[in-house]
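Spelled out, the chains give:
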Amino acid sequence: MPMDSHRSIRKGHIFPRSLWNPGCPEHHTANMSILPLIVCLLVAALQAVAECDSRFNPLHHSGAASPYFDAPSQFDIPSSTPPHCIVDRAAYIVRHGSRFPEPGSFAGWQALFEKFQNNSYVARGPLAFIPYWTPPVDDIPHQPLYLSSTGAQESFDLGVGLRKRYRFTAGGANFTVWAAGQQRVVDTATYFLQGYLSQGNYLSNSAENRGIVVAMPDSVNYTFADSLTPSSGCPAYSTGDTSAKASIFRATYQGKVAKRLNRFLDGLELTDSDVGVMQDLCGFQAEIDGDTRFCDVFTESEWKDYEYAHDLNYYYGSGPGNPFSATVGYPWLHAVTELFVSSANRTGARQSFNPPALIMAFTHDNNLPPVVSALGVWNSSRARGVYPLSVRAPDPRRTFRSSYLVSFRGYVALERLFCRPDASSTSVKHGAKLLTSHAARVDALDQMFVRIRINNAVVPVPHCDTGPGSSCPLGAFVAHTRRRAAVAGDFVSRCGLEGVKNATDILDIFTQVPSKIAQTYTLLVPQPYAVIP
């Protein structure tokens, strides 16, 4: 929707049209039946809701600046668990929640504010608010780089949602998650645990219902593949980063946008870089303080160009366009696949820790596209010319969408499904102690399947979607993972680490606590109430 009319998405109503359908009887008609009126009202309300649902939302097209939202299905696969199936194991790798800007980005916000304040000008239409705009940061020593309230809520909500979705954890049981060590990542893990463990009252027993974060050095070059930020431990990775292609595309549209907006200004001129900062502020300010006025400034086509610049940045920087992307993403995929094929949920000979059925790992945005690359998704199309992504213009047929992956609190997840052999039957035979026979079913690999979720949307495993809900049989998924190993290559050799002390291609943090190479350490999440000494 063009924004020049200065309509605000903050002021949009749930029912933008009158609830009185033209085909309905007037509300003052005498002796009318109430039933037709109710029917008409319901029809009008449903039409209005459908219109609102289909309205373009810039916050769903803001790339890494998007607050979390469930991605739409690109493959028409329901996100619900297939009938006659249960999820008995799952693994998530999650970006931290919404945050304040990094210091470099915040400097751009301050420069824009000073430009707006230190000049005399007239602003009209969609820019009429800029003389009174202030950056949404009021505590500079403590806010930039750290979580916002929205980020805390996103994390808490994920904990609540996954506790209800999977029901893996018994009441009172403790729960362990993993996190890269920067504060915003650890905070995300902490708020997740507070949501996940928010049921019941265990204040009188400090040994129960506790959250544990296994944290590790963040973005360092000495833990190699045994890390939740493995690209920093691969020297060759940066040589494959061609994310500068995004700047080539930005140059094709930002100047045009600035020219259009300058028609609403007398005495002030916006530049290409100003446009970039203003579009960033849409997502950031929306999640920090709810102000969406910058979202109203740009047209739908301008938002799609902005999103595509993000797509190019992640595709060529850390995604399939970087030849070392799958290399650094594969250790997580391999570790999770090994857990999925374990014959029983018990500690193995080489394990010092028995991981929970739900593996939660928290990290940064640039560590999600490598997992997509390792899985081999979002980089192929039956149509010619879609991949690799063009720097000239976006192709609407592409499935690689940064907004659907690296939004704040975005994630890639794998689920292991156990599906009954009578899944196609309308009647079910119950066996004695069926609900307690988990150990018996974990060996039934022919009844197990794997699904990929990216920001909740189900994405099929390439060439393997014959199972329930377009899932992949576990055995076939293992074979797919092995084929992807050949694409990814060995971490040590591909990254140029031969002969380097402690260099490893294995991620062992889920079964080794503590992990010597990953240099993990353990944090106990505080209880909701602390006794003042």
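Criteria and cut-off values
- Residues numbered from 1 in each chain as written.
- Predicted model: local features only at pLDDT ≥ 70, side-chain atom pairs only at ≥ 80, totals over all residues.
- Heavy atoms only, no water.
- Disulfide = S-S within 2.5 Å.
- Helix = DSSP H or I, 4+ residues; strand = E, 2+ residues; numbered from the N terminus.
- Buried < 20%, exposed > 50% of the residue type's maximum accessible area, 1.4 Å probe, protein only.
- Expected span 1.5 Å × (residues − 1).
- Contact = heavy atoms within 4.5 Å.
- Pairing = 2+ DSSP bridges.

Section: the state of the cysteines
Turning to step 1, where the next piece is worked out: With the rule as written, the count across this model stands at four disulfides.
Turning to step 2, where the next piece is worked out: Through a disulfide, cysteine 85 is tied to cysteine 419; the S-S separation comes to 2.0 Å. Sign of the S-S torsion, about 110° for the bond between cysteine 85 and cysteine 419, identifies this disulfide as right-handed. Of this pair, cysteine 85 sits in strand β1 (residues 85-95) while cysteine 419 is found in strand β7 (residues 411-419), placing the two residues 334 residues apart along the sequence.
Turning to step 3, where the next piece is worked out: Overall, the relative accessible area of 3% leaves cysteine 419 in the buried class.
Turning to step 4, where the next piece is worked out: Two residues share a disulfide in this structure: cysteine 282 and cysteine 295, whose sulfurs sit 2.1 Å from each other. With the S-S bond torsion at 100°, the cross-link from cysteine 282 to cysteine 295 turns out right-handed. Of this pair, cysteine 282 sits in helix α7 (residues 272-289) while cysteine 295 sits in the loop between α7 and α8 (300-317), placing them 13 residues apart in sequence. This pair shows no difference in class: cysteine 282 is buried, exactly as cysteine 295 is.

Description of helix α2 (residues 103-117)
Owing to its 3.6 residues per turn, the α-helix aligns residues three or four sequence positions apart on the same side.
Turning to step 1, where the next piece is worked out: Here α2 is 15 residues long and its end C-alpha atoms lie 21 Å apart, about the 21 Å a rise of 1.5 Å per residue gives.
Turning to step 2, where the next piece is worked out: Within α2 the residues assigned to the buried category are Phe106, Trp109, Leu112, Lys115 and Phe116.
Turning to step 3, where the next piece is worked out: Here the buried face of α2 lies against α7.

Remarks on the pairing of β7
Turning to step 1, where the next piece is worked out: Counted residue by residue, β7 has nine buried out of nine residues, so it is predominantly covered.
Turning to step 2, where the next piece is worked out: Side chains Tyr411, Ala413, Glu415, Leu417 and Cys419 of β7 all project onto a buried face; the interleaved residues Val412, Leu414, Arg416 and Phe418 project onto the opposite face, where all are buried too.
Turning to step 3, where the next piece is worked out: Looking at chain direction, β1 and β7 are connected through nine bridges and run antiparallel. Counted as the bridge partner of tyrosine 92 is alanine 413 from β7.
Turning to step 4, where the next piece is worked out: One ladder, built from seven bridges, connects β7 with strand β8 (residues 448-454); its direction is antiparallel.

Read these as spatial facts, not as claims about activity.
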